[in-house]
Amino acid sequence: MADVTVRQLADTVGAPADRLLRQMKEAGLAHTSEEEQVTEDQKQVLLAYLKRSHGASEEAPTKITLKRKSVGTLKAGQGRAGRNVSIEVRRKRTYVKRGEVEDTADKAAPAASAPAATQSELEAARIREEEQARKAAEELARNEEAERKAEAERKAEEEKLKAEQAQREEEERQAREREEQAQKEAAQSQKQSQDKKEPQEAVSAADLQAKEQSEQKGGKRTKAKDKERRGDDFGGKGRRRELSLKSERRSKRKQAHRQAPLQVDQQGGEFKPTEFISREVEVGELNAVGDIAQAMAVKASEVIKTLMGLGVMATINQSLDQDTTTLVVEEMGHKVKLVSEDALEEQHVASLAIEGETTPRAPVVTVMGHVDHGKTSLLDYIRNTRVTSGEAGGITQHIGAYRVQAGGSEITFIDTPGHAAFTAMRARGARVTDIVILVVAADDGVMPQTEEAIQHAKAAEVPVIVAINKCDLEAADPDRVTNELAAKEVVPEDWGGDTQFVRVSAVSGDGIDALLEAVVLQAEIMELGAIEEAPGQGVVIESRLDRGRGPVATVLVQNGSLRQGDIVIAGESYGRVRAMLDDQGQAIKLAGPSQPVEVLGLNGTPAAGDDFSVTTDERSARELAEFRSDRSQEHRQAMQQAAKLENMFANMAEGEKRILKLVVKADVRGSLEAIIQALADIGNDEVGVQVLGSGVGGISESDATMAVTYGAAVFGFNVRADKTAKTMLEREGVDLRYYSVIYELLDDVKDVLSGMLSPEMREEIVGVAEVRDIFKSPRFGLIAGCMVTEGTVFRNKPIRVLRDNVVIYEGELESLRRFKDDVNDVRSGTECGIGVRNYTDVRVGDQIEVFDAKEVAREL
């Protein structure tokens, strides 16, 4: 190191410079200024003086003492019952340099006799002593490290020995359990075959004795090896012992595998699990026997046997209904999970539930009326004069719906020629139309199609506004039209009814404004509203296949908003909205509530009246469309079956009044009025007849359409159905009947209504048994020893327990036995044992009454 000044040395040691100069003067150094240089030798002289002044010796240390403390954890006990104990080990080692002490003693005399030794020689001796002390410390550290490693190896060996000891104890315990199991099996086999008892006992005893001796020898060898391992050092012998332990463990494992054979209950070569597993079985509306067996992990023959026990004969490929499947699964001890077949449909309906702020929407109006009564002229006049501003002349109608302005409000009109879309919508339960405008010619009056329009409006529960057209003609008689409509239960407000009557002229335009104001007023009364900020929902008005654009569907948005690019599902069709056109033929990107639009992009043409909605992704829309397509045929068959008169009462809700819907046509007005009056008198509080449509003349296509739409039967009195109507009724499975005598018609209606009545339950006592004694059974609990005094006691029929001729319990039988055999019935004068399910208070002298409940059909 280079020489430094006194000031720099003072800064280094952290002492004042004046004090350092004073100490240097006392040490014999001739330094008087802070800027003087201090050499290494002078530093050593100053250091020796300071050590002497503090009582320190200049000699090197002759001994070194090392202390070490280590903390460890030792597990006491075995298994889960053991606990961890903390152990602290303290060690102290002292190392003494004998040779250095002697050398120091020998050097002391020459040092005293030779005071002339230079300071540099003393410093060299001190450095040599420090180097020797450093080497001694390093040697001590190496020894300590070796000792620590040896200690760690010893602990690891102890842990290994403990683990091996625990493993041996576990193997011994398992061996004892297997021996006990073998003894139990040997005892059971001895009971079955007495002739082989002695040889089996000898073999079993010999095996047990040999195993015990082997275990004792193995235990002694293991203990001896453990003792030898703990007493030896960590040399090559320990390695040989480790190898012997591994070999011993391998032999133990092989012995355990040989002693524990696979226990399988084999009967006839069949593998049967020893423990029953209860599974959760999904049960749908229809379930094949093979699928049920696979879900329960049993053979189909077991399911068929269970069905036979329940009185049902079925094959492996036969389908069972949900109730029967539930009984079978529960009878076999498994759990039932009911699964709906319409899971996709229910999930889709749940996704349509939206919440938001409701805003007013435009009313949807349908114009209906008889041919040549001016319906088309009225629509043309409204369309040409009330379209949105900026359009002039004759506007080409692109789609079957359009919007007009009336008094600051918008009105949506739907053109439904032939009422096809209207009836299809009503058949699917959608209220598409809010208001119906019924057009009646003032010079022609009420005609058959006018009556049909009234019936459609009443069935759909839609308010009607009557527009009496052609009031500008000389032959017009509005009062006669009003009287005829009042006879059809369409009463004007002036007469105390709830229907608005407006006199209009489609040629001159008189009354058009009043008609539109009436529509707006009716809409305000109805308080129509919709949620605009939501995915679009609505109904399909009509659809067609365009040669250039592909499938084109006219839809009416009822709720939410339809945007270009949305994925839409409509009936059995789906697709992405590639383009939208409004009623003017203009391309738009957004359609709000009550707005009709043309939609391009579907993969097919949906049916008129199908609901449409926006879905989240194309995959779910495709799956739902395929599901609907697969179920359409099944649904059609179900509708055909439901339309039959014999099965009509099966689909009616419990507790509600059951109504038989009819469409009646007759040859003359007198016969028709008589039939309708007689049908009105048939029925009671539970059942009744509702005539949806009636008229004079043959059964037409419109009659068939109404019957199909509302699930009604068609009766013809001295009339027949034309070819079109007959074909439609046969295709849809609607019941069509002809009569020529009025009493036959009324008798058939009475029979159908009688079948729709709820059956009457009657009870019949089939057997009585008297309790003579009481027994206890470990399986069934309390058993009543009885004598059958009357009739026959059946096992599968309900029972009552009577005490002093008072009913105290009603339930079912748990068991019915004759001696030791289970029987299904016991006749009069015979003794039997009866176990009552969930009842233990049977006493001597009680009577057990067996009864049968039967359904008896009621009649009007």
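These figures come from a predicted structure and were not determined experimentally.

Observations regarding the pattern of salt bridges
Here comes step 1: For the structure on display, the rule yields 32 salt bridges.
Here comes step 2: Measuring nitrogen to oxygen at the nearest pair gives 2.2 Å for the salt bridge that ties Arg 148 to Glu 145. With a gap of 3 residues between them, Arg 148 and Glu 145 both fall in helix α5 (residues 119–192), about one helical turn apart.
Here comes step 3: We classify Arg 148 as partly exposed; its relative accessible area is 38%.
Here comes step 4: What emerges from the salt-bridge pattern is a single network uniting Glu 763, Arg 800, Glu 810 and Glu 849.

Re the packing of aromatic side chains
Here comes step 1: Applying the stated criterion to the full structure yields 2 aromatic pairs.
Here comes step 2: Where Phe 715 meets Tyr 739, the ring centres are 5.3 Å apart and the plane angle is 65 degrees; that geometry is what we call edge-to-face. You can see Phe 715 sitting in strand β30 (residues 713–717) and its partner Tyr 739 sitting in strand β31 (residues 736–739), a full 24 residues away along the chain.
Here comes step 3: Phe 715 sits in the buried class, given a relative accessible area of 2%.
Here comes step 4: Judged by relative accessible area, which is 6%, Tyr 739 ranks as buried.
Here comes step 5: Ring centres of Tyr 809 and Tyr 839 lie 4.5 Å apart, and the angle between their planes is 15 degrees; this geometry places the pair in the stacked category. Of this pair, Tyr 809 sits in strand β35 (residues 806–811) while Tyr 839 sits in the loop between β39 (831–836) and β40 (847–856), placing them 30 residues apart in sequence.

Looking at helix α16 (residues 512–526)
Here comes step 1: For α16, with 15 residues, the first-to-last C-alpha span of 21 Å sits near the 21 Å given by 1.5 Å per residue.
Here comes step 2: Downstream of α16 by a residue or two, Glu 527 has a phi angle that is positive, lying close to 55 degrees.

A closer look at the environment of Asn 317
Here comes step 1: Its place among the elements puts Asn 317 in the loop between α9 (300–309) and β9 (319–321).
Here comes step 2: Its relative accessible area of 68% is what places Asn 317 among the exposed residues.
Here comes step 3: Spatially, the C-alpha atoms of Asn 317 and Val 289 are 6.0 Å apart, while their sequence positions differ by 28 residues.

Rules used throughout
Residues numbered from 1 in each chain as written. Predicted model: local features only at pLDDT ≥ 70, side-chain atom pairs only at ≥ 80, totals over all residues. Heavy atoms only, no water. Salt bridge = Lys/Arg side-chain N within 4 Å of Asp/Glu carboxyl O. Helix = DSSP H or I, 4+ residues; strand = E, 2+ residues; numbered from the N terminus. Buried < 20%, exposed > 50% of the residue type's maximum accessible area, 1.4 Å probe, protein only. Phe/Tyr/Trp six-rings, centres within 6.5 Å; stacked < 30°, edge-to-face > 60°. Expected span 1.5 Å × (residues − 1).

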